[in-house]
Amino acid sequence: MLQAQHLILPARLDDVSAVLRPGEITAIVGPNGAGKSSLLACLAGLLAPSGGTVLLGEASLSGLSPQARAQAIGYLPQSPEVAWDVSVETLVALGRLPWRDRDAAAIDAALATMELDDLRLRPVSRLSGGERARALMARVLAGGPRWILADEPLANLDLAHQQTLLQVLREQARAGAGVVMVMHGLAEAMNHADRVLVLFEGHLLADGPPEAVLDQKAIRRAWGIEAKWLGEAGGRALAF
Amino acid sequence: MSRLVALLLAALVIAFPLSLLAGRVWIDPFAAPVPNATLILTELRLPRAVLAVILGAGLGAAGAAMQGYLRNPLADPGLFGIAPGAALGAVLSFWTGLAGTPWLLPLFALLGAGSAMALLSLIAGRSGSALLFTLAGMMIASLAGAMMSLAISLSPTPFAMSEIVTWLMGALSDRSWNDVVIAAPLTLVGIAVLLRTGPALDALTLGEQAARSLGLDPRRLQWLMIGGIGLTVGASVAAAGIIGFVGLIVPHLLRRYTDGRPSQLIVPSALAGALLVLVADCLCRVLPLQSELRLGIALSLLGAPFFLALLLRLRRELV
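Residues numbered from 1 in each chain as written. Chains lettered and ligands numbered in written order. Predicted model: local features only at pLDDT ≥ 70, side-chain atom pairs only at ≥ 80, totals over all residues.

## A few points about the overall build of chain A
- Across its full length, chain A holds 9 helices and 12 strands.
- The C-alpha atoms of chain A give a radius of gyration of 18 Å, which matches the 18 Å a tight globule of 240 residues would have.
- Along the three orthogonal principal directions, the C-alpha set of chain A runs to about 50 × 45 × 30 Å.
- For chain A, with 240 residues in total, the buried portion stands at 47%.
- In chain A, the proportion of contacts linking residues at least 24 apart, taken out of those at least 6 apart, comes to 66%. (Helix = DSSP H or I, 4+ residues; strand = E, 2+ residues; numbered from the N terminus. Rg over C-alpha atoms; globule rule 2.2 N^0.38 Å. Buried ≥ 20, exposed ≤ 12 C-beta atoms within 10 Å, placed from the backbone. Contact = placed C-beta atoms within 7 Å.)

## Some words on the overall build of chain B
- Looking only at helices and strands, chain B has 13 helices and 0 strands in total.
- A compact globule built from 319 residues should have a C-alpha radius of gyration of about 20 Å, and chain B, at 20 Å, falls within 12% of that.
- Counting only residues that meet the buried cut, chain B has 51% of its 319 residues in that class.
- Of all intrachain contacts in chain B linking residues separated by at least 6 positions in sequence, the fraction that spans at least 24 positions is 80%.

## Thoughts on the packing of helix 1 (residues 3-21) of chain B against helix 12 (residues 266-286) of chain B
All names here are of chain B.
- One can describe the packing of helix 1 onto helix 12 by two numbers: an axis separation of 9 Å at closest approach and a directional angle of 25 degrees. Considered as vectors, helix 1 and helix 12 are oriented roughly parallel to each other. Crossing of helix 1 against helix 12: the hand is left-handed. Every residue of helix 12 that contacts helix 1 at L4, V5, L8, L9, A11, L12, A15, F16 and S19 is listed here: V267, P268, L271, A272, A274, L275, L278, V279 and C282.
- Taken together, the residues of the contact of helix 1 with helix 12 break down into 17 nonpolar, 1 polar and no charged. (Axes fitted to C-alpha atoms, helices over the stretch in contact; angles between N-to-C directions. Parallel < 35°, antiparallel > 145°, perpendicular 65-115°, else oblique. Left-handed = near helix turned anticlockwise from the far one by under 90°. Nonpolar A, V, L, I, M, F, W, Y, C, P; charged D, E, K, R; others polar.)

## Focus: the sheet that holds strand 5 (residues 59-60) of chain A
Residue and element names in this part refer to chain A.
- Pairing is antiparallel in the open sheet, where 4 strands are placed in the order 2-1-4-5. Both edges of this open sheet fall to strand 2 (13-20) and strand 5, since each of them pairs with a single strand only.
- With 5 bridges joining them, strand 1 (residues 2-9) and strand 4 (residues 51-56) adopt antiparallel strand pairing. Bridge pairing in strand 4 places L2 opposite L56. (Pairing = 2+ DSSP bridges.)

## Structural notes on helix 11 (residues 246-254) of chain B
- Where burial is concerned, most of helix 11 of chain B is hidden: 8 out of the 9 residues are buried.
- Residues of helix 11 of chain B that are buried in the fold lie against helix 2 (37-70), helix 12 and helix 13 (295-318) of chain B.

## Focus on the nonpolar core
All names here are of chain B.
- In terms of nonpolar packing, the biggest core is built from 185 residues, with A65 and A86 touching the most fellow members.
- No other element matches helix 2, which puts 15 residues into this core.
- Not counting chain neighbours up to four residues away, the residues in contact with A65 comprise L194, T197, L201, M225, G228, I229 and I266. (Core = buried A, V, L, I, M, F, W, Y, C linked by C-beta atoms within 7 Å.)

## Description of unusual backbone geometry
Residue and element names in this part refer to chain A.
- Residue H6 is not a glycine yet carries a positive backbone phi of 50 degrees.
- Along the chain, the position of H6 falls in strand 1.
- Here the phi dihedral of E201 falls at roughly 50 degrees; this positive angle occurs in a residue that is not glycine.
- Judged by C-beta crowding, with 15 C-beta atoms within 10 Å, E201 ranks as partly exposed.

## Description of the packing of helix 3 (residues 82-95) of chain B against helix 6 (residues 158-168) of chain B
All names here are of chain B.
- In contact at an axis separation of 9 Å, helix 3 and helix 6 are set at 155 degrees when each is read in the N-to-C sense. Taken together, helix 3 and helix 6 sit at an angle that is classed as roughly antiparallel. The two elements helix 3 and helix 6 meet at a crossing, and its hand is right-handed. Contacts between helix 3 and helix 6 pair A87, A90, V91, F94 and W95 from the former with A160, E163, I164, W167 and L168 from the latter.
- Classifying every residue of the contact of helix 3 with helix 6 gives 9 nonpolar, no polar and 1 charged.

## Notes on the interface of chain B and chain A
- Taken together, the contact pairs 18 residues of chain B with 20 residues of chain A.
- Classifying every residue of the side of chain B that touches chain A gives 6 nonpolar, 6 polar and 6 charged.

## Some thoughts on the pairing of strand 3 (residues 25-29) of chain A
All names here are of chain A.
- The buried fraction of strand 3 amounts to 5 of the 5 residues, a majority that puts the element mostly inside the structure.
- By the alternation rule, side chains of strand 3 split into I25, A27 and V29 and T26 and I28, which are all buried.
- Sheet analysis places strand 3 next to strand 8 (residues 178-182), joined by 4 bridges and oriented parallel. Paired with A27 across the strands is M181, a residue of strand 8.

## Digging into the sheet that holds strand 9 (residues 195-200) of chain A
All names here are of chain A.
- An order of 6-7-8-3-9-10 is seen for the 6 strands of this open sheet, with the pairing classed as mixed. In the strand order of this sheet, the two ends are held by strand 6 (73-76) and strand 10 (203-208), each with one partner. Strand-to-strand, the axes of this sheet are offset by a mean angle of 15 degrees, without reference to chain direction.

## Some thoughts on helix 3 of chain B
Residues and elements named next belong to chain B.
- Between its first and last C-alpha, helix 3 extends 20 Å over 14 residues, near the 20 Å set by a 1.5 Å rise per residue.
- Most of helix 3 sits inside the fold, with 14 of its 14 residues counted as buried.
- With its phi angle positive at about 80 degrees, G97 sits one or two positions after the end of helix 3. (Expected span 1.5 Å × (residues − 1).)

## Observations regarding the environment of T166(B)
Residues and elements named next belong to chain B.
- If you trace the backbone, T166 turns up in helix 6.
- Given 13 C-beta atoms within a 10 Å radius, T166 is considered partly exposed.
- Considering only alpha carbons, one finds T166 and R294, 128 residues apart in sequence, at a separation of 8.5 Å.

Right, dumping it as structure tokens:
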């Protein structure tokens, strides 16, 4: 389990607590500036909260060595940069750094999962936005983390690749990994997450199954808009 | 061993003995013996060539690590302010008239480098932020530069002023085994320290936040960078004055022949840096000028057009 206990970050998070379970896809949603990315960074051990703690299992995340933390938690930032024009294969292999190896089987599997076999030797500068986003996710998968924390992983993907990525993350969750995603699309959160955390102005407004949490009242309160859900469970669309 | 490393090593193995033959007095192994050839070789050219290889290797490795650390192909080891710090130390040895005493000039330069390293750690050591670190380095470089100018303007004698200015141009002429004894261990330890930064620099390819998620300890990396750059650049300035552009040009030229990971650039850059300084110093010796061209000037003359070409290419990419 990954637990946030009374997290406080000045002007960003105000006493946020949540228990995240392996095997689940958890979506963190909220309007701009709600503290979503800050919460994700705290859960990844990349931001030290001024109050509260993050527990990975029974251990405090801040007490773990950077290597042990990196082996357990794979993190995909919101605007990932790639400073040097490396090949897709080299980029994905960076995901093995926490293990200090270049496990070819793990790298091949990650490339295959993200449908990058044909692009493995292509330099990153010659990838489209979607291909690059897939390569960066493959980098996270190559490390075989128990937790996958991704900040808006669907942002640069077309619909087909959004579907592929959501399927991949579902498979990871079925295999026992915990998946936590910051999302802007409420329909994706509603249809694909097992659980949703709604943040608003640094507070945790709601926490639970998407059907229960993402109701009109919560959307009105957090986003300030009138919206209604259309369609059936699992295939809902948001009209506003 | 990669093909690039093997190639550079082979070039160095060929260039090194050839460089010993070149100079004002050419030594042709197949012609009649030159008077004092053994003395010229063992006491003048050999220490000079060894020093060129060692300092070039240090500067090349430092440049590769620096570019990886700052994720910028235009970064140069001089940015951390350690070279100006070392130069200030050396200038003070001239200013106080102690430069003539054996060992004191390099010792002052090393103290200057050490002070710059300490100041750098003090200002930026706790944050682990590369941005703060660079700004601190620039501040130190600016301060050291201003103090050097002050020392030059307040030179006790015109002779001291001339010596300072000449020394600052950087050269390997008149260097002895004493300089090798000072520079070699420090540079080799510095390169070993820089090699340890490899995995962390690779992780930084993905930006600071993603790198930390891969297990990077920014503070540890910062300490390694201060130690590695300080030792290599400090030793270089202590032994030869300021030699610019090697750390900028070499990694940049070689990057396309590696897989792009900063860790894979350090060893080739060390070898190519050694080769560049060795060849450049050789050219300084053989050019038919009234007095020998200073190595620092020669490398700047080579480096400036290279830098300009780099900027023009960057401009084309931005348009």
